[in-house]
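# Structural features, examined
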Amino acid sequence: MESILQTIREHGALDYGVLAVGVERAWVSRADVAAFALDALAAGDSRSEVIELAAPEDLDLDRVVHLLRRLADLDKLPSRCSNAALRRWMFGFLESIHNSRESADTKLDRLEDVYAMLGYPEELSECSKYFVPHEDRARGIQVGEVTASPLDAMARVLSQ
């Protein structure tokens, strides 16, 4: 997951909420948390939670998640913030697939895995190789008509 975390970081989207979701889903290591906390300390963030996260190997995972969620204010607005963080992960996963040099079949398999890992979000439904289009008069699509490949649908999601 390091490359995905790096992708999220490169887009300036890495924050405590993203890390909290990553730790909760085992996509982020304690070393990733420590590196982020050390960067925050170097930038002048000396909150006690950040100091504690700089050495997460001494903490149990529940404590690490609690501290990250607290720093991200996920306790105040849990679903909205968690959804925003999960969306950042989604884009990181999709960009990783899109930019890989793997075969189209391998990319499709990875895309299906990501779709499942993220809990089958509606915005990725057309990215599934099992997607069956429904009638949509506004877009002129008829039942059974395939509008694009799942990889094309993924590219559209990435461009949004």
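Report follows, based on the coordinates. What you see is a predicted model, and the numbers here were worked out from it, not measured in a lab.

### Section: the overall build of the chain
- A tally of regular secondary structure across the chain gives eight helices and zero strands.
- Ordered by position in the sequence, the α and β elements of the chain form the string α-α-α-α-α-α-α-α.
- Within the chain, the fraction of its 160 residues that count as buried is 43%.
- Surface exposure of the chain reaches about 9000 Å², of which carbon and sulfur atoms provide 51%.

### Overview of the nonpolar core
- By size, the foremost hydrophobic cluster in this structure holds 46 residues, and its most contacted members are Y16, L53, L68, W89 and L124.
- Sorting elements by how many residues they give to this core places helix α6 (residues 78-99) first, with eight residues.
- Excluding residues that lie within four positions of it along the chain, W89 makes contacts with I4, L5, I8, V18, V21, G22, W27 and V28.

### Some points on the packing of helix α7 (residues 104-117) against helix α8 (residues 150-159)
- Interaxial distance between α7 and α8 falls to 10 Å at its minimum, and their mutual angle equals 60 degrees. One element, α7, and the other, α8, form an angle in the oblique class. The handedness of the crossing between α7 and α8 comes out as left-handed. Taking contact as the criterion, the partners of A104, K107, L108 and L111 in α7 are, on α8, P150, L151 and M154.
- Residue composition of the contact of α7 with α8, grouped by class: six nonpolar, no polar and one charged.

### Quick look at helix α2 (residues 16-24)
- Along α2, eight of the nine residues are buried, which leaves the element largely enclosed by surrounding structure.
- N-capping of α2 is provided by D15, with a side-chain oxygen placed 3.1 Å from the backbone N of G17.
- The positive-phi residue at the C-terminal boundary of α2 is A26, with phi of around 60 degrees.

### Some words on the pattern of salt bridges
- Inspection of the entire model under this criterion finds nine salt bridges.
- Across the pair E126 and R156 runs a salt bridge, and its minimum N-O distance is 2.8 Å. Of this pair, E126 sits in the loop between α7 and α8 while R156 sits in helix α8, placing them 30 residues apart in sequence.
- In this structure R156 comes out as partly exposed when scored by relative accessible area, which is 37%.

### Re the environment of L151
- Inspection of the secondary structure assignment puts L151 in helix α8.
- Considering only alpha carbons, one finds L151 and S128, 23 residues apart in sequence, at a separation of 8.8 Å.
- In contact with L151, other than residues within four places in its own chain, are A104, K107, L108 and L111.

Cut-offs applied
- Residues numbered from 1 in each chain as written.
- Predicted model: local features only at pLDDT ≥ 70, side-chain atom pairs only at ≥ 80, totals over all residues.
- Heavy atoms only, no water.
- Helix = DSSP H or I, 4+ residues; strand = E, 2+ residues; numbered from the N terminus.
- Buried < 20%, exposed > 50% of the residue type's maximum accessible area, 1.4 Å probe, protein only.
- Areas by Shrake-Rupley, 256 points an atom, 1.4 Å probe, with all protein chains shown as cover.
- Core = buried A, V, L, I, M, F, W, Y, C linked by side-chain atoms within 4.5 Å.
- Contact = heavy atoms within 4.5 Å.
- Axes fitted to C-alpha atoms, helices over the stretch in contact; angles between N-to-C directions.
- Parallel < 35°, antiparallel > 145°, perpendicular 65-115°, else oblique.
- Left-handed = near helix turned anticlockwise from the far one by under 90°.
- Nonpolar A, V, L, I, M, F, W, Y, C, P; charged D, E, K, R; others polar.
- Polar contact = N/O pair within 3.5 Å; in protein donor to acceptor, adjacent residues only side chain to side chain.
- Salt bridge = Lys/Arg side-chain N within 4 Å of Asp/Glu carboxyl O.

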